[in-house]
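Here's the letter readout for the chains.
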Amino acid sequence: MAKFVVAGKANCPHYAKTELVADFLGKNVPDFQVHKIVQAPEDWQKWLQELCKKNGWVHENSPIIWRELVDRGGKGLLLGGYNDFMEYVQGYYGFTSDMMTTLMLKIARENFMSHENEREDETFYKNLTKPMAIWVSGALSTACANLIPTLVNGEVFGQAKEVSLHLLQNDAPLGVLEGFQCQIEDMALPLLRKVTVQNTLRKAFMDAEIIIVLDDFVPVKDQSIEDCYKEMVSFYQKLAIMIDTFAKSNARVIVAGDYILNLKTYLLMQNAYSIDHCNFIAVPTQLEGEVKALLAQRLNVNAQDVKDVIIWGNIVRSIYIDLHKARVSQFESAIWGPPEFSRPVLEMLQDKSWTEERMMEEVRSHRPKIQAAVKRELGLSRAAAIRKILHWWYFDSPPGELVSLGVISNGEFDIPSDIIFSMPVRFCGGKWVIQTQLEISEETKNKLKYIAQELKLEQRLNFNPVEGSDLESSSDQDLQLEKESNKKRSVFF
């Protein structure tokens with residue numbers, strides 16, 4: 001049995017002719033077999049050098065043909081190039097070819113295009129099978145436990161995308177993390193390729209494509225606000241360095257929690273130099289969901305029927321809950337329409353005193369009531385908020401629907417640049433876009449200006465990209481303002 005291997009560049013006309021001759025012989029000559037190897041033009045020379053080095057051959061051009069010694073083993077018998085092969089088949093099989101050069105070139109172009117299409121298909125299917133690396137810092141938070149099933153069941157990234165999950169809880173007992181790992185593995189989730197756990201920042205965020213930061217720093221008993229801030233600033237700067245060092249350059253970073261989210265996001269963004277600022281976001285969607293739930297109760301509709309509630313400002317500190325663009329569908333009234341028909345929320349409430357006074361108190365007391373009922377926060381709404389934002393980031397938000405997001409400001413709505421500020425955005429093409437076409441009143445702008453001043457003060461007191469946090473060097477007046485700011489949580493309407 002004669003088995004020949006024909007290898008060459010995808011755009012080589014001599015390889016094209018050699019290939020056709022070999023195919024003809026394979027169909028018409030008994031016991032003649034041919035195996036073809038096509039290499040991209042940019043890969044050819046390296047591949048050829050490695051092949052010749054391995055077999056002790058000397059050959060420089062495309063194509064290269066050798067005969068496999070099927071029954072004897074060994075490295076094979078080198079025939080040579082195009083001319084050598086044509087002489088061989090003429091002398092051994094009495095076959096000659098009068099193919100014109102123009103036809104050879106045409107076939108070479110077709111070979112090249114076919115090879116490129118095959119490479120694109122191969123890359124596409126490899127990307128489908130390559131797991132997405134997701135890192136969660138603050139892995140022992142209850143939100144993480146509720147988030148994990150949705151990350152790996154196809155709900156967020158689709159049914160064809162596998163996930164490798166990496167859980168980080170700094171300074172946590174390794175045994176506890178390993179127990180958590182075992183529970184996740186026991187769930188036998190179909191899209192989960194692997195789970196790892198880590199209790200140190202050493203090599204954290206290796207090859208991360210998505211990073212979810214859930215670590216919260218809240219003053220504990222006998223700890224001052226200043227000490228808590230210093231601890232938080234130091235930790236988040238270390239996180240940012242690890243992200244900058246080990247994560248992929250296009251990694252997307254989501255920050256969620258209960259305490260000073262804007263500042264945390266800013267710290268990560270400023271210290272992870274290699275990642276685009278637009279890849280860092282803070283999630284106020286949990287608070288947005290709480291407001292929608294209160295409005296839905298008031299209007300006797302489902303929470304999902306309330307759209308376009310805007311959360312402006314410094315998330316879970318000083319915020320402005322803007323209902324001027326909010327709309328409600330499925331509201332029972334004298335006017336009805338198709339499912340997509342909606343009406344302004346403020347018109348349907350018909351109770352200005354509730355929106356200006358009592359709703360503020362209900363928003364402030366909503367979360368403590370939940371926590372008192374279950375004795376510990378379950379993290380369900382936070383996990384749902386992160387899931388929704390991640391899905392929209394990859395597959396776009398629904399047409400016409402707004403979502404609030406803490407993002408870097410570039411002066412939109414007269415908000416100072418270079419601060420993380422919660423604003424209305426939409427997701428489109430894998431990016432978030434601030435909805436600058438929205439018109440806001442001067443009263444709203446004044447409220448946003450007040451919140452922006454607070455954020456600038458936070459940054460000045462708690463973050464210095466070179467020397468770190470230095471609260472003690474701040475003026476007594478600024479420090480007193482910051483202490484007063486920490487004692488209150490402002491909600492505007």
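Remember, predicted model here, so these are calculated numbers, not experimental data.

## A look at the nonpolar core
Counting residues in hydrophobic clusters, the biggest one holds 98 residues, and the most contacted among them are L167 and F205. If near-sequence neighbours (up to four positions away) are discounted, L167 is found in contact with V136, A139, C144, I148, F180, I184, V195, T196, V197 and Q198. Membership of the second largest hydrophobic core comes to 20 residues, among which are L295, V301, V306 and V328.

## Notes on the packing of helix α1 (residues 13-28) against helix α3 (residues 82-93)
The geometry of α1 relative to α3 is characterised by a closest axis approach of 10 Å and an angle of 25 degrees between their N-to-C directions. Between α1 and α3, the interaxial angle falls into the category roughly parallel. For the crossing formed where α1 meets α3, the hand is left-handed. Residues H14, K17, T18, V21, A22 and L25 of α1 form the contact with α3, whose participating residues are Y82, F85, M86, V89 and Y93. Counted by class, the contact of α1 with α3 contains eight nonpolar, two polar and one charged residues.

## Points about the pairing of strand β9 (residues 252-255)
Going residue by residue along β9, you find R252 and I254 tucked away on one face and V253 and V255 tucked away on the opposite face as well. Strand direction decides the pairing type here: strand β8 (residues 210-213) and β9, joined by four bridges, are parallel. Residue I210 lies in a different strand from β9, and its bridge partner there is R252. With helix α7 (residues 225-246) bridging β8 and the parallel β9, this β-α-β connection has right-handed handedness. Handedness of the β9-helix α8 (residues 261-271)-strand β10 (residues 280-282) crossover: right-handed.

## So, the sheet that holds strand β14 (residues 327-329)
Read from one edge of the open sheet, three strands run β11-β14-β15, paired in antiparallel fashion. The open sheet terminates on both sides in strands that have one partner only, identified here as β11 (306-307) and β15 (342-344). Relative to β14, β11 runs antiparallel, the two being bridged by two bridges. Bridge pairing links K307 to R327 in β14.

## Quick word on the pairing of strand β12 (residues 310-313)
Regular strands place side chains that alternate from one sheet face to the opposite one. The sheet contact formed by β12 and strand β13 (residues 319-322) spans four bridges and is antiparallel. Bridge pairing in β13 places I311 opposite I321. Linking two consecutive strands that pair antiparallel, namely β12 and β13, is a turn of five residues; a positive phi of about 55 degrees is found at V316 within it.

## Considering helix α2 (residues 41-55)
Look at α2: 22 Å from first C-alpha to last across 15 residues, which is about the 21 Å you get at 1.5 Å a residue. Buried within α2 are the following residues: W44, W47, L48, L51, C52 and N55. After α2 finishes, the residue G56 shows a positive phi value of roughly 75 degrees.

## Observations concerning the packing of aromatic side chains
Counted by the stated rule, this structure contains 13 aromatic pairs. When the ring of F217 is compared with that of Y236, the centres are 6.4 Å apart and the planes differ by 65 degrees; the resulting orientation is edge-to-face. Taken as a pair, F217 in the loop between β8 and α7 and Y236 in helix α7 lie far apart in primary sequence, 19 residues in all. A relative accessible area of 0% places Y236 in the buried class. Over the ring of Y394 we find R252, and its NZ or CZ is 4.1 Å from the ring centre.

## Remarks on the confidence of the model for the chain
In regions of low pLDDT, the predicted coordinates are not meant to be interpreted in detail. Mean pLDDT for the chain: 82, with 81% of residues reaching 70 or above. The least confident element of the chain is helix α14 (residues 476-487), whose mean pLDDT is 43; the most confident is β8, at 97. Taken as a whole, residues 370-376 scores under 50 in pLDDT and shows four contacts with residues more than four places along the chain or in a different chain. Low pLDDT (under 50) marks residues 464-493, which in the prediction has 60 contacts with non-local residues, meaning those over four places away or in another chain.

## A closer look at the pattern of salt bridges
The tally for this structure, following the rule as stated, stands at 11 salt bridges. One salt bridge connects K36 with E19, and the closest N-O pair in it is separated by 3.5 Å. Taken as a pair, K36 in strand β2 (residues 32-39) and E19 in helix α1 lie far apart in primary sequence, 17 residues in all. Residue classification places K36 among the partly exposed positions, given a relative accessible area of 32%. Between K307 and E401 there is a salt bridge; the shortest N-O distance is 3.7 Å. Note that K307 is positioned in strand β11 and E401 in the loop between α12 (380-395) and β16 (403-408), a separation of 94 residues in sequence. On the accessibility criterion, K307 (30% relative accessible area) is partly exposed. A relative accessible area of 13% means that E401 is categorised as buried. One continuous salt-bridge network, built from bridges that share partners, spans E19, D23 and K36.

Scoring rules and cut-offs
- Residues numbered from 1 in each chain as written.
- Predicted model: local features only at pLDDT ≥ 70, side-chain atom pairs only at ≥ 80, totals over all residues.
- Heavy atoms only, no water.
- Core = buried A, V, L, I, M, F, W, Y, C linked by side-chain atoms within 4.5 Å.
- Buried < 20%, exposed > 50% of the residue type's maximum accessible area, 1.4 Å probe, protein only.
- Contact = heavy atoms within 4.5 Å.
- Axes fitted to C-alpha atoms, helices over the stretch in contact; angles between N-to-C directions.
- Helix = DSSP H or I, 4+ residues; strand = E, 2+ residues; numbered from the N terminus.
- Parallel < 35°, antiparallel > 145°, perpendicular 65-115°, else oblique.
- Left-handed = near helix turned anticlockwise from the far one by under 90°.
- Nonpolar A, V, L, I, M, F, W, Y, C, P; charged D, E, K, R; others polar.
- Pairing = 2+ DSSP bridges.
- Right-handed = clockwise from strand over helix to strand, strands pointing away.
- Expected span 1.5 Å × (residues − 1).
- Phe/Tyr/Trp six-rings, centres within 6.5 Å; stacked < 30°, edge-to-face > 60°.
- Lys NZ or Arg CZ within 6 Å of the ring centre and 35° of its normal.
- pLDDT = per-residue confidence, 0-100.
- Salt bridge = Lys/Arg side-chain N within 4 Å of Asp/Glu carboxyl O.

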